[in-house]
Amino acid sequence: MRLKLSILIAKLAGTLSIRLLRKSGETIPGRILLALYPRAISILSQNRKIICISGTNGKTSTTKAIVEIISKLGSVTTSPSGSNLDRGVATALLTKSEYAVLEVDELHLPRVISEAKPVAVLLLNLTRDQLHRMHEVKRVADKWATAAKSAPETIFIGDADDPFVALALNSAAKSLRVSFGGRKHLDGAVCPSCGVYLNWSGNNYKCSCGLTNSNPDELFEAGTAAYRNATLANFIGKVLGGEAIAINEQALERSVDREYNGVTANLRLTKNPASWTEALNSISGNEVILIVNSREVDGIDTSWLWDIAFTQLSGKRVIVCGERALDIAYRLHVEGIEVELTSNFDEAISKFAKGSRVHVLAAYTAFHELVNA
Amino acid sequence: MSQARIIRIHNELLGTYGDQGNAEVLAFRAKFHGITTTITDVRYNDPLPTNGDIYLLGGAEDAAQLLSLEALLRGDNLEILHFAIERGAVILAVCAGFQIIGNKFWANGKEVDGLGLLDVVSVPGEKRLVGDIKTISTVLGFELTGFENHMGRTILGPTAQAFGKVVTGNGNGDGKFDGAISGNIFGTYMHGPILARNPELADLLLTRATGRKYAQITDPLALKYATWRRKVIK
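A brief structural summary.

About the thresholds
- Residues numbered from 1 in each chain as written.
- Chains lettered and ligands numbered in written order.
- Predicted model: local features only at pLDDT ≥ 70, side-chain atom pairs only at ≥ 80, totals over all residues.
- Helix = DSSP H or I, 4+ residues; strand = E, 2+ residues; numbered from the N terminus.
- Rg over C-alpha atoms; globule rule 2.2 N^0.38 Å.
- Buried ≥ 20, exposed ≤ 12 C-beta atoms within 10 Å, placed from the backbone.
- Contact = placed C-beta atoms within 7 Å.
- Pairing = 2+ DSSP bridges.
- Axes fitted to C-alpha atoms, helices over the stretch in contact; angles between N-to-C directions.
- Arc of directions from axis to C-beta.

### Brief notes about the overall build of chain B
Within chain B, the regular secondary structure consists of seven helices and eleven strands. Against the globule reference of 17 Å for 234 residues, chain B gives a C-alpha radius of gyration of 16 Å, in line with a compact fold. For chain B, the spread of C-alpha atoms along the principal axes amounts to about 45 × 40 × 30 Å. Classification of the 234 residues of chain B by burial places 56% in the buried group. Counting only contacts in chain B whose residues sit at least 6 apart along the sequence, the fraction spanning at least 24 positions is 71%.

### So, the sheet that holds strand β2 (residues 76-78) of chain A
All names here are of chain A. Strand order in the open sheet made by the seven strands is β2-β3-β1-β4-β5-β6-β9, with parallel pairing throughout. The open sheet has two edge strands with one neighbour each: β2 and β9 (218-219). Relative to strand β3 (residues 99-103), strand β1 (residues 49-54) runs parallel, the two being bridged by five bridges. Bridge assignment links I53 to a residue of β3, and that residue is E103. The strands that helix α4 (residues 59-70) touches are β1, β2 and β3; relative to β3, the one it contacts most, it runs at about 170 degrees. Sheet strands touched by helix α9 (residues 163-171): β4 (120-123), β5 (155-159) and β6 (174-179). Its angle to β5, the strand with the most contacts, is close to 160 degrees.

### Quick word on the sheet that holds strand β15 (residues 357-362) of chain A
What links the strands of a sheet is backbone hydrogen bonding, and the strands pair in either a parallel or an antiparallel sense. Residues and elements named next belong to chain A. Strand order in the open sheet formed by six strands is β10-β11-β15-β12-β13-β14, with mixed pairing between adjacent strands. Two strands in the sheet have a free side with no partner beyond their single neighbour: β10 (255-260) and β14 (340-341). Strand direction decides the pairing type here: strand β13 (residues 317-321) and β14, joined by two bridges, are parallel. Its bridge partner lying in β14, I319 is registered against E340. Across the sheet, helix α13 (residues 325-334) is in contact with β12 (287-291), β13 and β14; its angle to β13 comes to roughly 150 degrees.

### Concerning helix α15 (residues 364-372) of chain A
Residues and elements named next belong to chain A. By the burial criterion, the buried members of α15 are Y364, A366 and F367. Here the buried residues of α15 occupy an arc of 165 degrees about the axis, which is enough to place them on one side. At its buried positions, α15 is contacted by β11 (263-269), β12 and β15.

Okay, structure coming up:
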């Protein structure tokens, strides 16, 4: 009875927050539900199939693709876009359905696995990100591995080209290891399993302890992060009995086009060295805006800007803005790339001529502000 | 025309917190002073170059920190560092690197002997110290800013002097001092990277490494950035 009452209050709070506060009402219901009934995730997960998606980059868009695939198999509820902490999960579970496809934050994943008992977990990648909160990449990887070990009924599917993902897959009773032929990893110098210097040969690793990306259960061709996520979405869909879909790679890049007084801006979410590198490699034109913020979800420190090679920006017109515009401006100055400093996005975009197409690499908070404006 | 050989030690292991940028800022500031520089990346299996003028170590996770220590104790590497210090080379070691060059530190739940180049001992604290940090440098006499993210508590021995007096943040853990110095050896918990946020410190290291005095640099963007960080970190 108390759970029912808690659900009622949580739903009412969500409606009120949308009506009165004009908020999106995404995390309020889940937050209230968990406060009133801490075990709500565990109970609301019973009698339905839960699928969790986690990783540093690509969670939101991969989750959307999987929802599309699974919706042909039965009714689906999913996390509100990008809301991936336990409260977002709880909000999603307030809706009745046969399936729940949940985007889960890397640090919240162990709790969600132990309470929701998912049928399948998809692990995309794990690289340095928000270190003020994650502290260390290995720390997150160890939590994943422990969670995988303690969920023998769950099948873990993931990209074994990432040694941290491979560690979790190896720790699980049931797993499917996918490879895209290997790729370099910024944090891959040390074996996350045994702590020795990891033996890399080109894009592939093989540790004396057995951790490796060779002999995968499924081998796909190499490609961009968006392609890999699309492939993984279809792969987990197939494992669960779904049919493959054609996936819009632009949607998977977390990039959208917006018009500003005749200037087309291709807005792209960039939040850590891996997503910046991926975005920089995709720039085709010569006009670029970079927005750097340092709020909690952006990462409150900007030291990681020095981990990125910005050579692709050489020779292009680069305008920077955001709360940490000076950090990126000085970073590029030292790289030999001079930028124009502006005080906000409106000013930055106004500097381009009508008809031009500008690549906008935006911090997490900036991306959401622009897309939701 | 003077020269400075910058040796970036084990960036693949000690590069988790962006400290690799210290080498780039040194090379960049050196250009203004008319110093030619080279940056050499030393990998885990490489021997240390014997002729470095500035040796850099950065922050790392525990397992990587232990591997770096093991590699630095291999072959003649420690001798090379002792010899470098004797001939006046500079060492800048940040966070995990700072702990490595000390007498003892903890990693993966165990105490290990460090390189013993700096008279400090580091122990784990109860709480991770994460956030902006500002100090007043004891050698330079001006403010330094950065970002700290560590569990370490570092205690200075009699032959080490504190690097900075903490204004904001925690530093060595007591909230009073950050880092340690001894001659041309500098240890600190400040990321940022520290030389990007405090380019005057890069100039000081270049002066110490080459043994020459240089005129003040005019780089308005560097000044604007450093001044802004000092202002916003209260």
